[in-house]
Structure formats: structure tokens, C-alpha cells
Amino acid sequence: MPPALLLQLNQVQACYGHIHALKGVSLEVRAGEIVTLIGSNGAGKSTTLRCISGLLAPRSGEILWRGQAIHGLKPHEIVARGIGHSPEGRRIFPQLTVEENLDLGAYLERDRAIVAQRKGEVFELFPRLAERRKQDGGTLSGGEQQMLAIGRALMQNPALLLLDEPTLGLAPVLVEALFETLQALHRVGKTILLVEQNAWHALQIAQRAYVLQTGVITHSGSARDLANLDEIKRAYLGE
Amino acid sequence: MSEALLELLPSVLLEGLLLGCVYAMIALGYTMVYGVLGLINFAHSEVFMVGAVAGVEVYRYLGPHVENPYILALLALVIAAIISGGLAMGIERLAYRPLRKRGSTNRLVPLITAIGVSFFLQDLVRLIEGLWHGEFYMNFPADAQMEALHDLPMGMSIQNKSILVIAVAVIMMLALDHLVRRTRLGKAIRAVAQDLPTASLMGIDPDKIIGRTFLIGGALGGIAGVLFGLLYSQINPFVGFVPGIKAFTAAVLGGIGNIYGAMLGGLVLGTIETLGGTYLFFLTGGALGNEYKDILAFIILVLLLLFRPQGLLGKTQGEKV
Ligand SMILES: Nc1ncnc2c1ncn2[C@@H]1O[C@H](COP(=O)(O)OP(=O)(O)O)[C@@H](O)[C@H]1O
Ligand SMILES: [Mg+2]
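Residues numbered from 1 in each chain as written. Chains lettered and ligands numbered in written order. Predicted model: local features only at pLDDT ≥ 70, side-chain atom pairs only at ≥ 80, totals over all residues. Heavy atoms only, no water.

Each helix and strand counted, chain B has twelve helices and four strands in total. Relative to the compact-globule value of 20 Å for 321 residues, chain B shows a C-alpha radius of gyration of 20 Å, a close match. Sorting the 321 residues of chain B into buried and exposed places 51% on the buried side. In chain B, of all internal contacts separated by at least 6 residues, the share reaching a separation of at least 24 is 74%. Approximately 14700 Å² of chain B is accessible, and the part contributed by carbon and sulfur atoms is 68%. (Helix = DSSP H or I, 4+ residues; strand = E, 2+ residues; numbered from the N terminus. Rg over C-alpha atoms; globule rule 2.2 N^0.38 Å. Buried < 20%, exposed > 50% of the residue type's maximum accessible area, 1.4 Å probe, protein only. Contact = heavy atoms within 4.5 Å. Areas by Shrake-Rupley, 256 points an atom, 1.4 Å probe, with all protein chains shown as cover.)

What follows deals with the coordination of the magnesium ion (ligand 2). Protein coordination at the magnesium ion (ligand 2): the donors are Ser46 of chain A (OG) and Glu88 of chain A (OE), at 2.0 to 2.4 Å from the metal. Placement of Ser46 of chain A in helix α1 (residues 45-52) and of Glu88 of chain A in the loop between β6 (83-86) and α3 (98-105) is noted, with a sequence separation of 42 residues between them. (Donors = N, O, S within 2.8 Å, 3.2 Å for Na, K, Ca; no water.)

Across the boundary between the two partners, chain A contributes 22 residues, which contact 24 residues of chain B. In total, about 2100 Å² of surface goes out of reach between chain A and chain B, with carbon and sulfur atoms giving 56% of it. Connecting chain A to chain B are three salt bridges. The shortest N-O distance in the salt bridge between Glu100 of chain A and Arg190 of chain B comes to 2.9 Å. Counting the contacts that link chain A with chain B gives seven residue pairs in polar contact (both at pLDDT 80 or more). Residue assignment for the side of chain A that touches chain B shows that the elements contributing at least two residues are α2 (75-80) and α3 of chain A. Counting residues per element, the side of chain A that touches chain B draws most heavily on α3 of chain A, which supplies four residues. (Buried area = accessible area lost by both parts, 1.4 Å probe. Salt bridge = Lys/Arg side-chain N within 4 Å of Asp/Glu carboxyl O. Polar contact = N/O pair within 3.5 Å; in protein donor to acceptor, adjacent residues only side chain to side chain.)

The next thing to look at is the confidence of the model for chain B. Residue and element names in this part refer to chain B. Looking at chain B as a whole, the pLDDT averages 91, with 98% of positions reaching at least 70. Contacts from residues 317-321, a stretch scored under 50 in pLDDT, to residues over four places away or in other chains number nine contacts. Predicted complex metrics record ipTM = 0.95 and pTM = 0.93. (pLDDT = per-residue confidence, 0-100.)

Attention shifts here to a positive patch on the surface. Among the surface-exposed residues, Arg110 of chain A together with Arg184, Lys208 and Arg212 of chain B lie close enough to one another that they form a single positively charged patch. Here Arg184 of chain B is to be found in helix α7 (residues 184-194). (Patch = residues over 30% accessible without salt bridge, like charges linked within 9 Å, V, L, I, M, F, W, Y side chains within 5 Å. Lys, Arg positive; Asp, Glu negative; His and termini not counted. Charge placed at Lys NZ, Arg CZ, Asp CG, Glu CD.)

Attention now moves to the state of the cysteines. All chains considered together, the criterion is met by zero disulfides over all chains. Cys51 of chain A provides the cysteine sulfur closest to Cys15 of chain A, a residue in no disulfide bond, and the two sulfurs are 9.4 Å apart. (Disulfide = S-S within 2.5 Å.)

This part covers the pattern of salt bridges. The tally for this structure, following the rule as stated, stands at 22 salt bridges over all chains. For Lys119 of chain A, the salt bridge identified is with Asp103 of chain A, shortest N-O distance 2.9 Å. Of this pair, Lys119 of chain A sits in helix α4 (residues 112-125) while Asp103 of chain A is found in helix α3, placing the two residues 16 residues apart along the sequence. Both residues of the pair, Lys119 of chain A and Asp103 of chain A, count as buried. Salt bridges sharing partners connect three or more residues here, namely Glu99, Asp103, Lys119, Arg133 and Lys134 of chain A together with Lys187 of chain B.

Now the structure itself:
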């Protein structure tokens, strides 16, 4: 029996004014998987994540979480159901300290001991953040801000983590470290939907992948199979 | 003659501090709402007025039953805070939230709504007081114990009620500082102010936090209304207008969106205004009377904004609150 179906998108359409950004996207994520969504700039990857987390209401179609419709819920209600979204562009709170940013990640967790424990884990993962804990988020370097964004998402301890281009602007050594982190999370059973610029890397760690092109899913399948398709190699892997 | 003026200075500064405390408390409401919504809530001056009126009613109805003037003042403060806080929340719920949900990006619409709410509240209070008591000019009754003077160094003296005003303002500002910096609600308010969509991704319900912000700002405004009444006694449904404009000025002076700016701006404005009211006449050889004190305050605002558009403690552009 395959692992439980967590998230399911059926024919989701979304618009910004007159721009038809998603033209019927269907995809699914099962418990314990890393699924990656790749595609060129403007394909609609971020829009897909924004629909899932409720930042954007789909024009039509349905989004099911553990079999229940969540489209139409507000973002904070969707977070409460266990979907964490680390949005495009990091979006850390510039005038809150590193520690306050992390605390906000665990906003819904009322048990202080659990919050402290998770913070300890994040600091272990990114010792740099521990050094800067009293510093304002806006004063961090780009790479440090990216660590903070991911740390903040981990503080939520979500059942499903939506990551939008987490390696953007990271130095290569940090990119490696981040992918290792994601694999470690996978090993402890976390479920991740990963949107990545770095398609080659994403396909290495994901089990399954979807390719999005101007609002339409053009390919889907196991990450290994997709990585070997000639047209994928040409279009996204630069070969 | 100049010596006499110099001798007056400490007392004038004390007066300025008292007025500044009232401005600061009102300014906090403007600045907090601006912080989370980018909206100038002009109805806030009427939230302040309603607090003052609520205070008068407490004195009218509970005064005969409560012996201790401090307990009476405390009751007036608490009840005014509850009524004004609730009113501010109600205004947000009924007037601003529906506009926000319709997704209009035109900033003039909520601004004009705020002005409409202001007029509505002025006339509503006038109507209620008229029907209830047959007139809408009210007084905070004088109390001998509250007016009793204590001597201070440098020829100053201070009334008990003035000590009360300063103590309440200081306590409320310290409490607000604690709330905003240390509590879960405070972090949520700051997160919503800095980036509302991302705050919602943290599990924060922005509508709830916006409501709480109006509640807190409104409660502070209501408390300011009672402090104002204790200091200056006379209240009517239109009494909010001038202090409201001054407090808004104070918020801009300090850097709108910044709560410490509102506190500082209120104190600075209160002091300048009181100094102007006392000394302008003498310094201009009688050419300008103390009715020009308001002009002085606004000239200073204009000059400050020319050289420091973000206000005393405001962030420079690009670093939105
Ligand atoms: N806030 C917005 N307003 C208008 N158009 C937008 C907005 N965000 C994205 N778009 C448009 O929607 C399409 C999909 O964008 P996006 O989901 O950000 O793509 P991706 O993340 O794959 O690069 C693009 O054509 C983009 O220009
Ligand atoms: Mg994107």
C-alpha cells in the first residue's frame, strides 16, 4: 500500500487580475515524500504554493488536505492544519530579531518547552543563527536570511513543508548543506514540496517531480525518470 | 523681568509634561493603527472624546458613592478604557474591515470613512447627552484632595491630580512597551505591521490582531480622555478635535508607526506648546499673543519634516515599519 495521500490538487486555476497564472494544475503529495515542482521563471510554481497555503484563492478546482477541502480557508487556518509555507524571497521580518522570527514560526505552539527544544534544533542546524539571535533579521546577510527563513519554517514543525526556492542566493557550500538538511528531514519522515531553481539538485533528492510550464503540468513521474528525459535535460538541466 | 520669566520655567516645563502625557497617550493610538494598516484613523479623536465623556458619567453616577477620589479616578480610567477600547474595535469591525475585505487599494476611501465616523460620533454623543441630561457641556467635578498642592524644588508645585496623570501615563507606556516587545500578542502585532501576508503564514490571524491593536490604542485614548478631563475639567462632544489633531501631529513628529516616536513626539509637542503659550508674548514684545502657540508647534513640525521627513524616531523610507 502506498503511503497516505496528504495533499491533492485537482484542476486548480488561479488568476492575478487578467493574468491566468494556473490553467488547471493537478498534483499530489504523499506522506514522507519529497516532491519537487520545477519549471522556468513565471511558470506558476510560486502561485501553486500560494494557492495551497491560502494566500491566493483559486479561481476554480479543489485542494484537498487529508481528503478535506481547504481551498477557501484563510492562511492561518491552513497553517493550523499542518501546512507550513516558506515563501519566495525569504520574507523574514526585518525589524524583529532572529530569535523573535523563530518564535513566530512556532506561534501556534503554546508549550514553551517544545518551542525551546525546536529552537535548539534549529540553532544546532544553523549555528550562525545562534550567534546572531539578538540581531535584527534585516541586518543579516542574504544567506543568513535564507537560513532564518528555513529555520522559521522548521519551527512550525509542519506535517507538510512548502519550500519556495530555498537555495536562492546561497553560496554553493550552503546549498549543499541545505540539501543535506532536507534529506535529513526526509529520513525522519518529513514531507516536503520543494520548488527549486536548481532543478538538477532537486531531482537528486526528490522521489517524484512535476514540471510546470506556463500554468500547465507538462510532465510528472519519478524524479529519476524525469532527470533522464532528454527534453527535461535540455530545458531545465542545462545539458 | 527676564529673571521672572526664568523663574517660571520649571513650572512651565511641568505643565508641558502634563499636556505632553495626554498627547502621547492619544498619539499611541494613531501610530499603532498606522503601523498595522497604514491608515490614519481620524476617528481616534472621537474615541478619546468618548473616553472623556465616559469619565464624566462615572463621576456623575459613582461620585456620590465613592469617597476616595483616587479610587473614583481609577474607576473612571478603567471604565473609559473599556468603553473606548470597545468602541475603537467596533469602528474597525463595522467601518474599516468591510472596506479592507473589498480589496480597494484607494487610500482615500478609508480616510474619508474615518472622517465620517468622527462626525457621526460627535453628533451621536451630543444626541445621547442631550436626551440623557438635557445638555452636552460637561465638567469633571473639582475635588479638594485632588487639587491639593505639594511643593517641589525650584519654586515648582504640583497637584495631586497632576501626579496621578504622570503616574498613569508612565505606567501605561511601560505596560505597552512590555506588551509590544515581550508578549506573544506584541510579536504578532509587530509581525502584522511589518509583513501581513507572511504573518498569516505563521498562523497569525491578521484580522484578530488588527482588532486587538484598535482595542489597545482605543483604550489608551479613553484613558487619555479621562486624564484630559482631570487636568482641564471641561468636556463636550467636540472636545476631541484639537487634542486629536495635536496628537496626530505628535505621532508624525515622532515618526508615524513608531510607538516610542509617539511617546517622544507627544512630550515634545506638549512642551513646545506650553513654552510657546507662556513666552511667545514676551519674546515678541507683545506682537504675538499666546493664541499663536499652536502655530509655533506646527511651524516646528513643518521644519522638522523638511529636514527629517521620517520624524524623530522614524525609519527612513524603504524600511517600512
Ligand atoms: N502578484 C502578481 N500580480 C500579477 N501577476 C503575477 C503576480 N505574481 C505572479 N504573477 C504572474 O503569474 C505568473 C506565474 O508567476 P509565479 O507563480 O511567480 O511563477 P514562478 O514562481 O514559477 O516563477 C507569471 O506570469 C507572473 O508574472
Ligand atoms: Mg517563484
